[in-house]
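# Commentary on secondary and tertiary structure
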Amino acid sequence: MTDTSTSAGTLSLTFTGDGADTGPLTWAQSVMWGPMQWFGKEASQFNIGRALVPGEPVAPDRLTAVLRHLVETHQTLRTRYVQRADGPRQEVAATGAYDVVLVDDQGDPSRVGDELVATLTEAAFDHEAQWPLRVGCARDRAGRITAVALVGSHLAFDGWAFTTLTDVLLDRLTGADPDASPSDGTVRPADRVPQPLAQAAFQQSPAGQQTSRAGLRHWEQGLSAAPASMFDLPTAPTGDQPIERHLLDSTAVTAAATALATRTRTSFSTVLLGLTTLILTAYNGHHTAVFKLIAGNRLDRDSRDLIALNTLDALLVHRVDDDVDLLTAIRNLHRPAFDAYRRAQCDPAEVRGVVERVGRRRGVAFDLSAYFNNGHRGSDWATPDPDPGPDRLAALRRDSRYSRLEPLSRSDMRFYVAASNLGEGRCRLGLLVDTAYLPGALGETVVRGIETLLCAAVTEEVRVAEIAGRIGLTPARRGTDWVSTPAGWIRPRAVAELVGEVAGGAAAAAFVDPTGDGGVTVYVAASGTPEELHRRVLDALPGRPGVAAPTGYVICRSAPSPGAGPDAWRDVPVLARGSGRDA
């Protein structure tokens, strides 16, 4: 790679790597491809950035050599993601150039580096025209590099991969030879570096497909018992920016969660996931939680060394027991969470097929928009307080810092909790909420409530049934016209309205099965068969939390007289009746 100054503010870096190649997206890239297209310009919210400040200023040639080695070694850094007739693909270039932004460090490399990261993060990536990494540098008056700003696209990097990249770059900037492998062999020869094209090829192989089938069985089993949505409740009015984002930086969370993980013989991630599921079910009145877990699963050296996106959605379906203490609830969650992560490796296109197939079989449209992400790399959450008492926890909580990011106009998630390690024993809890479903101050209540419950559980017994009261959480209120069913909460009147809508605006009425199993039968004045009507209902279900297909259809010749009351439907001549399900 050579460098030439193309203007006062840029540096052009050319590279020559292995031959050009192309292939399908990996499973992880496929999961992220859809949201990237859906968000468009707003996909900039997924950009990952970091500023690096070397211990000593670095000569520009040194930076050039390091970047050349990294770009030529790792396919991700010279890949474009393109839509082709046969679907999206990753295309690796053999040659090309990077334009690096250059700015004056103004005598403060750390501040300027952070500002440069913010600038490079503002725009979404054009993956067909741009490399998935942006690089900027700050230089001193002598022209030496004093800070490096890196911003990556989430289509190319997850947190692990980006941290690996930035750590390697910083190490090589300060090492003896930027092209040399350390004597301990931790850096591989270029021809043995794991690459995303090789990963995609494995996933298409018989061995990869066998792994996928095991994961798909997990999804089918879980969805067969899952509620259709965690947000089957009345909605609140919102403004143009309904998606709130909350942050809590806390050493108390680290200390308390670490202590609870030790006591329960689980993990930091399980403890936080446990609190997350319990708080949301305390709010929405569910006995079963369904979450998507962001799963990295870098369990071997190839996956750990892979500089590429490697996260997939894992499915957690977990029955919540209200009659236990919090530590027991955490222990009960550990194995289901482990199984969910273990079975995350599967083809996302096939996952979508399972979600659709199981949903239609059960008469629901799944809304899988509750997420949890333990974004910390590794399991070592360093804390100076492995077993803190109440006074120490109170002191740590006084140092917690709550803040809010700018709200968003939309998101494909309604609820998202993420944990990341800020270092020095501080955990950052991030929470995204859709205020149509968690309005008012509920977002702050939830994120602070996680800290409150963690600290309380270290020093006293906390019962699951007490969770809402302990954190000041007011559970969602549903009217008496809502019914709990195996598919979750539904409003029978809304079910009847949907049936009438798909029947061309026909009159309809819903009746709840008196046996108490939550079944709903809809009487409708329409033509056709129950099977035809059921198919139209299924097609209209997506985007309607709190509505499921009825368990039975009664097609009537006409509607009762106005004002006759709902029971009059039982006396109307019947043309056909049935479940509408295929035999």
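A brief structural summary. The shown structure was predicted, so the numbers you read here are calculated from the model rather than taken from an experiment.

## Re the overall build of the chain
A count of helical and extended segments in the chain gives 16 helices and 22 strands. In terms of overall size, the chain behaves like a compact globule, its C-alpha atoms giving a radius of gyration of 27 Å where 583 residues would be expected to give roughly 25 Å. Buried positions account for 53% of the 583 residues belonging to the chain. For the chain, the accessible surface area stands at approximately 25400 Å², while carbon and sulfur atoms represent 49% of it.

## A word on the nonpolar core
In this structure, Leu272, Phe291, Phe415 and Leu454 are the most contacted members of the largest nonpolar core, which totals 105 residues. The element contributing the most residues to this core is helix H13 (residues 442–459), with 10 residues. Of all hydrophobic cores here, the second largest spans 44 residues; its members include Trp27, Leu155, Ala156 and Ala161.

## Points about the pattern of salt bridges
If you walk through the whole model with that rule in mind, you get 33 salt bridges. Where Asp539 meets Arg360, a salt bridge forms, and the shortest distance between an N and an O atom there is 3.1 Å. Of the two residues, Asp539 sits in helix H16 (residues 530–540) while Arg360 sits in helix H11 (residues 348–362), which places them 179 residues apart along the sequence. Between Glu461 and Arg463 there is a salt bridge, and its shortest N-O distance comes to 3.7 Å. With a relative accessible area of 26%, Arg463 lands in the partly exposed category. Through salt bridges that share partners, Asp108, Arg111 and Glu115 make up one connected network.

## Some remarks on the side chain of Ser229
Mapping Ser229 onto the fold places it in the loop between helix H6 (206–223) and strand E10 (243–250). A distance of 2.8 Å separates a polar atom in the side chain of Ser229 from the backbone nitrogen of Phe231. Once residues within four sequence positions are removed from consideration, Ser229 is found in contact with His286, Asp367 and Pro545.

## A word on the packing of helix H8 (residues 268–284) against H13
Running from N to C, H8 and H13 cross one another at 130°; their axes reach a closest spacing of 10 Å. Compared by their axis directions, H8 and H13 come out oblique. By crossing handedness, the relation of H8 to H13 is classed as right-handed. Counted together, Val271, Leu272, Leu275, Thr276, Ile279 and Tyr283 of H8 and Leu442, Val446, Gly449, Ile450, Leu453 and Leu454 of H13 form the full contact between these two elements.

## Side note on the pairing of strand E7 (residues 95–104)
Looking at chain direction, strand E2 (residues 10–16) and E7 are connected through 7 bridges and run antiparallel. Across the sheet, the residue bridging to Thr16 is Thr95, located in E7. Strand direction decides the pairing type here: E7 and strand E8 (residues 133–139), joined by 4 bridges, are parallel. Note on E8: the bridge partner recorded for Leu102 is Cys137.

## Quick word on the side chain of Thr76
In this fold, Thr76 is placed in the loop between helix H2 (60–73) and strand E5 (79–84). Ignoring any residue separated from it by four or fewer positions in sequence, one finds Thr76 in contact with Tyr81, Pro132, Ala156, Phe157, Pro196, Ile307 and Ala308.

## Here's the deal with the packing of aromatic side chains
For the structure on display, the rule yields 9 aromatic pairs. Pairing Phe39 with Phe46 gives two aromatic rings, centres 5.2 Å apart and planes at 80°, and the pair type is edge-to-face. Across the pair, exposure class does not vary: Phe39 and Phe46 are buried alike. A ring pair is formed by Phe291 and Phe415, whose centres lie 6.2 Å apart and whose planes are at 80°; its orientation type is edge-to-face. Of this pair, Phe291 sits in strand E11 (residues 288–295) while Phe415 sits in strand E15 (residues 415–423), and the two are 124 residues apart along the sequence. With a relative accessible area of 1%, Phe291 lands in the buried category. Ring-pair connections join several aromatic residues into one group, and the members of that group are Phe15, Tyr98 and Trp131.

## Structural notes on the environment of Thr95
Among the structural elements, Thr95 can be located in strand E7. Thr95 sits in the partly exposed class, given a relative accessible area of 49%. Along the sequence, Thr95 and His376 sit 281 residues apart, while their C-alpha atoms lie 34 Å from each other. Contacts of Thr95, omitting those with residues within four sequence positions, involve Phe15 and Thr16.

## Regarding unusual backbone geometry
The phi dihedral of Gln106 falls on the positive side, at around 55°, and the residue is not glycine. Mapped onto the elements, Gln106 comes out in the loop between E7 and helix H3 (109–121). Phi is positive for Glu424, close to 55°, though the residue is something other than glycine. Along the chain, the position of Glu424 falls in the loop between E15 and strand E16 (426–434).

## Observations concerning H11
Helix length check: H11, at 15 residues, gives a terminal C-alpha distance of 21 Å against a target of 21 Å (1.5 Å per residue), a fit within 8%. When H11 is considered as a whole, its buried residues turn out to be Pro348, Val351, Val354, Val355, Val358 and Gly359. End-on view of H11: buried residues confined to an arc of 120°, all on one side of the axis. Summarising the contacts, the buried residues of H11 are in contact with helix H1 (27–39) and H6.

Parameters and conventions
- Residues numbered from 1 in each chain as written.
- Predicted model: local features only at pLDDT ≥ 70, side-chain atom pairs only at ≥ 80, totals over all residues.
- Heavy atoms only, no water.
- Helix = DSSP H or I, 4+ residues; strand = E, 2+ residues; numbered from the N terminus.
- Rg over C-alpha atoms; globule rule 2.2 N^0.38 Å.
- Buried < 20%, exposed > 50% of the residue type's maximum accessible area, 1.4 Å probe, protein only.
- Areas by Shrake-Rupley, 256 points an atom, 1.4 Å probe, with all protein chains shown as cover.
- Core = buried A, V, L, I, M, F, W, Y, C linked by side-chain atoms within 4.5 Å.
- Salt bridge = Lys/Arg side-chain N within 4 Å of Asp/Glu carboxyl O.
- Polar contact = N/O pair within 3.5 Å; in protein donor to acceptor, adjacent residues only side chain to side chain.
- Contact = heavy atoms within 4.5 Å.
- Axes fitted to C-alpha atoms, helices over the stretch in contact; angles between N-to-C directions.
- Parallel < 35°, antiparallel > 145°, perpendicular 65-115°, else oblique.
- Left-handed = near helix turned anticlockwise from the far one by under 90°.
- Pairing = 2+ DSSP bridges.
- Phe/Tyr/Trp six-rings, centres within 6.5 Å; stacked < 30°, edge-to-face > 60°.
- Expected span 1.5 Å × (residues − 1).
- Arc of directions from axis to C-beta.

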